[in-house]
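Here's the letter readout for the chains.
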Amino acid sequence: MHELSLMQSVMDIVKDSATQNNIKRVNKVKLVVGKFSMALPDSLHFAFEAISGVEELFQGAVLEIEAKEILCRCQQCQQTIQIEDTYHFICSGCGSNQLEIIQGRELYLDYYEGDEN
Amino acid sequence: MVQVRLESNLLGANELLARKNRSAFSCQGLLVVNLMSSPGSGKTTILEKTIEYLDGNLKLGVIEGDLYTDQDAQRIEQKGVQVIQINTEGACHLDAGMVGKAFEELPGEKLDLLFIENVGNLVCPAEFDLGEDFKVVVISTTEGNDKPLKYPLIFREARVILLNKIDLLAYTNFSLERFRQDLAQINPSAPVFLVSGTTGEGIAEWNEWLLGEVRSKELNHR
């Protein structure tokens, strides 16, 4: 729901960095989004298109989103397990429900690529 | 072609402010509860009943979050509790910055318990740490029992869950059994209280649990 404002902050961070690094055109922006984050990749793409279209720096740029699976560590048997889309937070090894989420909440701007002229 | 690595956390600014809030709250031994639900599930009514129950025992404060209007703050003020209204003017959630500012403005003496009533929304508020001790999710029987599966993050993040409008259960197709089964998969450790803001059912049980949390926070503070 707040993807547009998230994307605005992505663009702001890239814009500042591009100025500092003397980059005139951005070709690609790469985000990492965990599957247990509330930001939807489709909405992020939509927001990126909407904002990049009106910014000279981002003309023709593409957005790449790497989705991270939800991984948990079982506190009982120490196994790392992947949580599927049914969100059953139960260890497939020992049946324990004492799981700690170790991946899947990510929401960060990994890198961008651009040209200096 | 140049690649610039940033590894910049998009919620980093919020997380920094949430840590600041948390230490400000902890300094005072104050327990802070972030109350979340969809619109119309009865957060404000539950809060009114909770204030009535706890009145006299504890010094309470409330930060009200709404997109527009101060209607909820007015309702809470009538209960004789210090309240600050935040209007997000369109934003779908409260963030730690808004809460920190409101907390500074909150008048009166040292509090024991602060409620933050978030914007009615099961999606975005789950993502934003406000510096609270824990999150409470209110869901009502009229919304349907499928909500934990549809909004797993907020139910996973909750320390405690209040199922409101329990007096209307018989008039809905809400399956209590299915609801409990789904929660057992998503968040097995969260207690679930069956409550009614209208009849007052379950309000005492929920408040006694909450009082236990306030006491253990106080003990840790000493």
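Chains are numbered independently. Their residues run from 1 in the order of the written sequence. Note on labels: chains are lettered from A, ligands numbered from 1, in written order. Reporting in this predicted model follows two pLDDT cut-offs: at least 70 for local features of residues, and 80 or more for side-chain atom pairs to be given and counted; totals over whole chains, interfaces and linings ignore these cut-offs and use all residues.

This next bit is on the sheet that holds strand S4 (residues 80-83) of chain A. All names here are of chain A. Pairing within the open sheet is antiparallel, and its three strands lie in the order S4-S3-S5. The two strands at the open ends of the sheet, each matched to only one other strand, are S4 and strand S5 (99-103). Put simply, the sheet's adjacent strands are angled 40° from each other on average, direction ignored. When DSSP finds two or more bridges between a pair of strands, those strands are recorded as paired. Here a strand is any run of E in DSSP of at least two residues, a helix any run of H or I of at least four, and the numbering for each starts at the N terminus. Bridging between strand S3 (residues 70-74) and S5 involves four bridges; their strand directions are antiparallel. Throughout, an axis means a line fitted to C-alpha atoms (over the contacting stretch in the case of helices), and angles, computed between N-to-C directions, take values from 0 to 180 degrees.

What follows covers the sheet that holds strand S3 (residues 60-66) of chain B. All names here are of chain B. Sheet architecture is open: seven strands sit in the order S4-S3-S5-S2-S6-S7-S8, paired in parallel fashion. The sheet is open, and its two edges are formed by strand S4 (82-87) and strand S8 (192-194), each paired on a single side. The sheet shows a mean angle of 20° between the axes of neighbouring strands, taken without regard to direction. The pairing of strand S6 (residues 134-140) with strand S7 (residues 158-164) spans six bridges and is parallel. Pairing of Val-137 across the sheet is with Ile-161, part of S7. Note that contacts rest on C-beta atoms placed from the backbone: two residues are in contact if these are within 7 Å. Contacting strand S2 (31-37), S3, strand S5 (113-117), S6 and S7, helix H2 (residues 43-54) runs over the sheet at an angle of about 170° to S5.

The subject of this paragraph is the interface of chain B and chain A. Of the residues lining the interface, 24 residues belong to chain B; the matching set on chain A comes to 27 residues. Listing elements by their share of the side of chain B that touches chain A, those giving two or more residues are strand S1 (2-9), helix H6 (152-157) and helix H7 (176-186) of chain B. Among the elements that line the side of chain B that touches chain A, the one with the most residues is S1(B), at eight residues. Gly counts as polar in this scheme, as do all residues outside two lists: the nonpolar Ala, Val, Leu, Ile, Met, Phe, Trp, Tyr, Cys and Pro, and the charged Asp, Glu, Lys and Arg. Residues that form the side of chain B that touches chain A fall into these classes: 15 nonpolar, six polar and three charged. Pairing of strand S6 (residues 107-115) of chain A with S1(B), which is carried by six bridges, proceeds in the antiparallel orientation. Its bridge partner lying in S1(B), A:Glu113 is registered against B:Gln3.

Turning our attention to the confidence of the model for chain B. Interpretation of the predicted coordinates at a detailed level should be avoided for regions scoring low in pLDDT. Summary statistics for chain B give a mean pLDDT of 94 and a share of 100% for residues scoring 70 or more. The ipTM assigned to the predicted complex is 0.89, against a pTM of 0.91. Scored between 0 and 100, pLDDT is the confidence that the predictor attaches to each residue.

Residues and elements named next belong to chain B. Three exposure classes are used, all based on how many other C-beta atoms lie within 10 Å of a residue's own C-beta (placed from the backbone): buried at 20 or more, exposed at 12 or fewer, and partly exposed between those limits. Across the seven residues of S7, six count as buried, placing the element largely inside the fold. Inspection of the sheet shows S7 paired to S8 by three bridges, in the parallel sense. In the strand pairing of S8, Leu-162 is matched with Phe-193. Seen with its strands pointing away from the viewer, a crossover is right-handed when the path leading from the first strand over the helix to the second is clockwise. Between S7 and its parallel partner S8, the chain crosses via H7, and the hand of that crossover is right-handed.

Here the focus is the environment of B:Ile84. All names here are of chain B. Position of Ile-84 among the secondary structure elements: in strand S4. Since 21 C-beta atoms lie within 10 Å of it, Ile-84 is described here as buried. Separated by 20 residues in sequence, Ile-84 and Glu-64 have C-alpha atoms that sit 6.1 Å apart. Each residue touching Ile-84, except ones within four places of it in the same chain, is listed here: Ile-63, Ala-102, Glu-105 and Leu-106.

Residues and elements named next belong to chain B. Contact geometry for H2 and helix H8 (residues 203-221): axes closest at 10 Å, N-to-C directions at 65°. Classified by the angle between their axes, H2 and H8 sit roughly perpendicular to one another. Pair H2 / H8 crosses with right-handed handedness. Along its contact with H2, which presents Lys-49, Thr-50, Tyr-53 and Leu-54, the element H8 presents Ile-203, Ala-204 and Asn-207. By definition in this entry, angles of less than 35 degrees are roughly parallel, angles greater than 145 are roughly antiparallel, angles of 65 to 115 are roughly perpendicular, and the rest are oblique. Helix crossings fall into two classes, left-handed where the near helix is turned counterclockwise from the far one by less than a right angle and right-handed where it is turned clockwise.

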